[in-house]
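Spelled out, the chains give:
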Amino acid sequence: MEALAIGSAPPRPPGLALPPLTRHHHLLLHRSKILAPRRLVAAAPMDAAAAAAGRGGPAPPRCARAETDSEDAVATASSPHSAEAAGAAEQGNGGPAPVADAADVEGVDGIRIRRRPVTGPPVHYVGPFQFRLENEGNTPRNILERIVWDKEAEMKERRPLYMLKGPLENAPPVRDFVGALKASFDRTGLPALIAEVKKASPSRGVLREDFEPVQIAQTYEKNGAACLSVLTDAKYFQGSFDYLDAIRNAGVQCPLLCKEFIVDAWQLYYARLKGADAVLLIAAVLPDLDIKYMLKICKILGMAALVEVHDEREMDRVLGIDGVQLIGINNRNLETFQVDISNTKKLLEGERGQTIAQKGIIVVGESGLFTPDHISFVQNAGVKAVLVGESLIKQEDPGKAIAGLFGKDISPVSAA
Ligand SMILES: O=C(O)c1ccccc1NCC(=O)[C@H](O)[C@H](O)COP(=O)(O)O
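Identification of the protein chain as indole-3-glycerol-phosphate synthase from Oryza barthii is taken from an unreviewed UniProt entry. Within the UniProt record for the protein chain, the comment given under Pathway (unreviewed entry) is "Amino-acid biosynthesis; L-tryptophan biosynthesis; L-tryptophan from chorismate: step 4/5." According to UniProt, the comment filed for the protein chain under the heading Catalytic activity (unreviewed entry) is "1-(2-carboxyphenylamino)-1-deoxy-D-ribulose 5-phosphate + H(+) = (1S,2R)-1-C-(indol-3-yl)glycerol 3-phosphate + CO2 + H2O".

Spelled out as C-alpha cells, the structure:
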C-alpha cells in the first residue's frame, strides 16, 4: 500500500494533502423563486425573547448560507470543479454566488441526486410558532436523495480526518476484492456472490429480526460467498461500521465491501480504518470528478471501488472514467423501489457491453435476484458477479439459502 497522505497535527496539517473535495465546498447553484406547490410542514415554538420583541426566532441551523439570503432558494452540489467558486463565496470575497438551474447541474455533472437540501422560502412566524413551507426545493425527490441529504448532515458530526491517521496505520491489511470475485467465477463458472449483511431497508423494512452480523457473515462464507457487502448506514438500513471490524475480527476471510452512501472522502478513510476492502460509489450521487478523485483515494488506500449505475446515462459516464474495475448495475428503481432485472441486460447490450469487455471491467448485477433463473438471466446478460441481500437474509439460514439461489451448492467444500 502506498503511504497515506495524512498528516499528524491539528487543526489542518500541511501533510494532510487531501485534494479539495474533502472540504466539500458547496457551490450555490440554484436561485429559484419557485415556491409552489406549498405545504406547511413544520411548526416550532419561536424563541421567546424574539417573539416578545416581535421578530422571528433563530433560523433553523440547516443550510446557514441560504438562511442569510432569505429570498433565494439554493441547490448545492459537491464537486472539485465547483470548489474554487464556492470557496470564494464561502470566504465572502467572491461577489454574488454563481447561478445555474438545477437541470443544468444534472446536465453538467450527470448526477440525479441534488447534493444538499435547498431551503426553499424563508421561515414564516405566526405568534409563537415558526412555519416552514414544503416545496420542491426543500423536499427530497426520492429515497436516495433523502438518504444522501441526511448523510451530508451526518458528515458534519464526523471526527476530523487527522484523528484517523493513527488508527489507520493499524488497520487490517487490505484483501483483494476483485481477485476474490475472479477466483470464485473461475472456480464455479457462475457469477461470484457478494452476499449482503443487511438487517433492514427503506423499501422492505426489517428483513431479519434476529440479526447477528458475524454469524451471518460466517455462514455466507462457508456456503460459497466470494465477498461480503456490509451495510453501514444506521438510519435507513440499521447497519453499522462496527459490523465491518466485528466480522473481520471473527476470522472471516471474505473481502468486505463497505455499503455506504459515500458523499465525502472522509468516509473512504473511515471505511478502510474499520477493515473494508472495497467501497460503493454511486454515480447518481457523485459527479464524475468526485468519482475520479475518490477512485484515486481508494487506490492509495488499496481498496477496490464498486461504481454503481442505474441507467444508460450513468453507465456512459462511468465508462468514460479511467481506472474503473467494477461496475454495479442496480436493478432497483429509486422512485418506485420496483426491481426489474432486465435493467442489467438493457445496460449491457451493444456497444456498452463491448466497451466493458474491452476494458476488462467486471459487472456486478445488483438487487432483486431471487432464483437460479434470475442468476442465469443476468449471467447471460454479461455479469460476472451478483450482489444479493433480501433473498438470502430472509431465509432461516442465509448461508444455506445460497445453494437455493444458484441451483447448486457453490461452497468451496463442495468443490474439494
Ligand atoms: O434496498 C433498498 O431498499 C434501497 C433503497 C434505496 C437505496 C438503496 C437500497 N438498497 C441498496 C442495495 O443496493 C441493495 O441492498 C442491494 O443491491 C441488494 O439488493 P436486494 O438483493 O434486493 O436486497
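Engineer: How should the packing of helix α13 (residues 312-319) against helix α15 (residues 350-359) be read in this particular structure?
Structural biologist: Two numbers describe a pair of packed helices, the interaxial angle and the distance between the axes. At their nearest, the axes of α13 and α15 sit 11 Å apart, and the two run at 30° to each other. Here α15 runs roughly parallel to α13, going by the angle between their axes. Viewed along their axes, α13 and α15 form a crossing whose handedness is left-handed. On α15, the residues touching Glu312, Met315, Asp316 and Leu319 of α13 are Arg352, Thr355, Ile356 and Lys359.

Engineer: I keep staring at the confidence of the model for the protein chain and nothing clicks. Help me out?
Structural biologist: Low-confidence regions, as indicated by low pLDDT, have predicted coordinates that should not be scrutinised in detail. Considering every residue of the protein chain, the mean pLDDT works out to 78; 71% of them sit at 70 or more. Below a pLDDT of 50 lies the segment residues 1-108, which in the model reaches 204 contacts outside its immediate sequence neighbourhood of four places, other chains included. This prediction of the complex comes with two scores: 0.76 for pTM and 0.98 for ipTM.

Engineer: Any chance you could explain the pattern of salt bridges here in plain terms?
Structural biologist: Opposite charge on two side chains permits them to pair, given that their charged atoms come into close proximity. The tally for this structure, following the rule as stated, stands at 20 salt bridges. For glutamate 196, the salt bridge goes to lysine 259, with nearest N and O atoms at 3.1 Å. On the criterion of sequence distance, the pair formed by glutamate 196 in strand β6 (residues 192-197) and lysine 259 in strand β10 (residues 256-259) is long-range, its members being 63 residues apart. What makes lysine 259 buried here is its relative accessible area of 13%.

Engineer: So what exactly am I meant to see when it comes to the pairing of β10 here?
Structural biologist: The side chains of a regular strand alternate, first on one face of the sheet and then on the other. Where burial is concerned, the two faces of β10 agree: the one with Leu256 and Cys258 and the one with Leu257 and Lys259 are both buried. Direction of pairing for strand β9 (residues 227-231) relative to β10: parallel, over a ladder of four bridges. Pairing of leucine 231 across the sheet is with lysine 259, part of β10. Where β10 and strand β11 (residues 278-282) come together, two bridges link them in parallel fashion. When the sheet's bridge partners are listed, cysteine 258 is paired in β11 with valine 279. The parallel pair β10 and β11, bridged by helix α11 (residues 265-273), forms a crossover whose chirality is right-handed.

Engineer: When you look at the UniProt feature "domain: Indole-3-glycerol phosphate synthase" (unreviewed entry) in the protein chain in this model, what are you seeing that I'm missing?
Structural biologist: UniProt's feature table lists "domain: Indole-3-glycerol phosphate synthase" (unreviewed entry) at residues 144-403, given in the numbering used throughout. Helix makes up 45% of residues 144-403 and strand 17%, with an end-to-end C-alpha separation of 32 Å.

Engineer: Mind showing me how you'd approach the packing of aromatic side chains here?
Structural biologist: Taken as a whole and assessed by the stated rule, the structure comprises four aromatic pairs. Ring centres of phenylalanine 237 and phenylalanine 261 lie 5.6 Å apart, and the angle between their planes is 25°; on these two criteria the pair is classed as stacked. One end of the pair, phenylalanine 237, is in helix α9 (residues 234-237); the other, phenylalanine 261, is in the loop between β10 and α11, and 24 residues separate them in sequence. For the pair phenylalanine 237 and phenylalanine 261, a shared accessibility class is recorded, and that class is buried. Summarising the aromatic geometry, the rings of tryptophan 266 and tyrosine 270 are spaced 4.9 Å apart at their centres and angled 20° between planes, so their arrangement reads as stacked. On the criterion of helical spacing, the pair formed by tryptophan 266 and tyrosine 270 is a turn pair, its members being four residues apart in helix α11. Relative accessible area serves as the criterion here: at 9%, tryptophan 266 is assigned to the buried category. Classification of tyrosine 270 by relative accessible area gives buried; the value is 14%. Here a set of aromatic residues connected by ring pairs shows up, and it is made of Phe241, Trp266 and Tyr270.

Engineer: Explain the sheet that holds strand β15 (residues 385-388) to me, please; I cannot follow it from the model alone.
Structural biologist: Strands pair in a sheet through their backbones, by hydrogen bonds, and they do so in one of two ways: parallel or antiparallel. Taken in spatial order, the eight strands line up as β6-β9-β10-β11-β12-β13-β14-β15 and close into a barrel, and their pairing is parallel. When the angles between neighbouring strand axes are averaged without regard to direction, this sheet yields 25°.

Engineer: Whenever I open this one, the side chain of asparagine 330 confuses me. Can you help?
Structural biologist: When you line up the elements, asparagine 330 lands in strand β13 (residues 326-330). The buried category is assigned to asparagine 330, whose relative accessible area is 9%. Beyond its immediate stretch of four places on either side in the chain, asparagine 330 contacts Glu308, Val309, His310, Asn343, Glu366 and Ser367.

Engineer: Explain empty space enclosed by the protein here, please?
Structural biologist: Picture a little ball the size of a water molecule; that probe, rolled over the atoms, points out where space is still empty. This model, assessed by the stated rule, comprises four cavities of 30 Å³ or more. Considering the residues around the largest cavity, the lining is formed by 33 residues, among which Lys198, Lys259, Asn330, Arg332 and Ser367 are closest to the centre. Elements that contribute at least two residues to the lining of the largest cavity include exactly α5 (143-155), β11, β15 and α17 (390-393). With three residues, the single largest contributor to the lining of the largest cavity is α5. Here the residues of the lining of the largest cavity sort into 16 nonpolar, eight polar and nine charged.

What counts, and at which threshold
- Residues numbered from 1 in each chain as written.
- Predicted model: local features only at pLDDT ≥ 70, side-chain atom pairs only at ≥ 80, totals over all residues.
- Heavy atoms only, no water.
- UniProt positions renumbered as here; feature names shortened; annotations may be inferred.
- Axes fitted to C-alpha atoms, helices over the stretch in contact; angles between N-to-C directions.
- Helix = DSSP H or I, 4+ residues; strand = E, 2+ residues; numbered from the N terminus.
- Parallel < 35°, antiparallel > 145°, perpendicular 65-115°, else oblique.
- Left-handed = near helix turned anticlockwise from the far one by under 90°.
- Contact = heavy atoms within 4.5 Å.
- pLDDT = per-residue confidence, 0-100.
- Salt bridge = Lys/Arg side-chain N within 4 Å of Asp/Glu carboxyl O.
- Buried < 20%, exposed > 50% of the residue type's maximum accessible area, 1.4 Å probe, protein only.
- Pairing = 2+ DSSP bridges.
- Right-handed = clockwise from strand over helix to strand, strands pointing away.
- Phe/Tyr/Trp six-rings, centres within 6.5 Å; stacked < 30°, edge-to-face > 60°.
- 1 Å grid on protein atoms, 1.4 Å probe; cavity = no way out; pocket = protein on both sides within 12 Å on 5 of 7 lines; lining within 4 Å.
- Points joined across faces, edges and corners; volume = space filled by probe spheres on them.
- Nonpolar A, V, L, I, M, F, W, Y, C, P; charged D, E, K, R; others polar.

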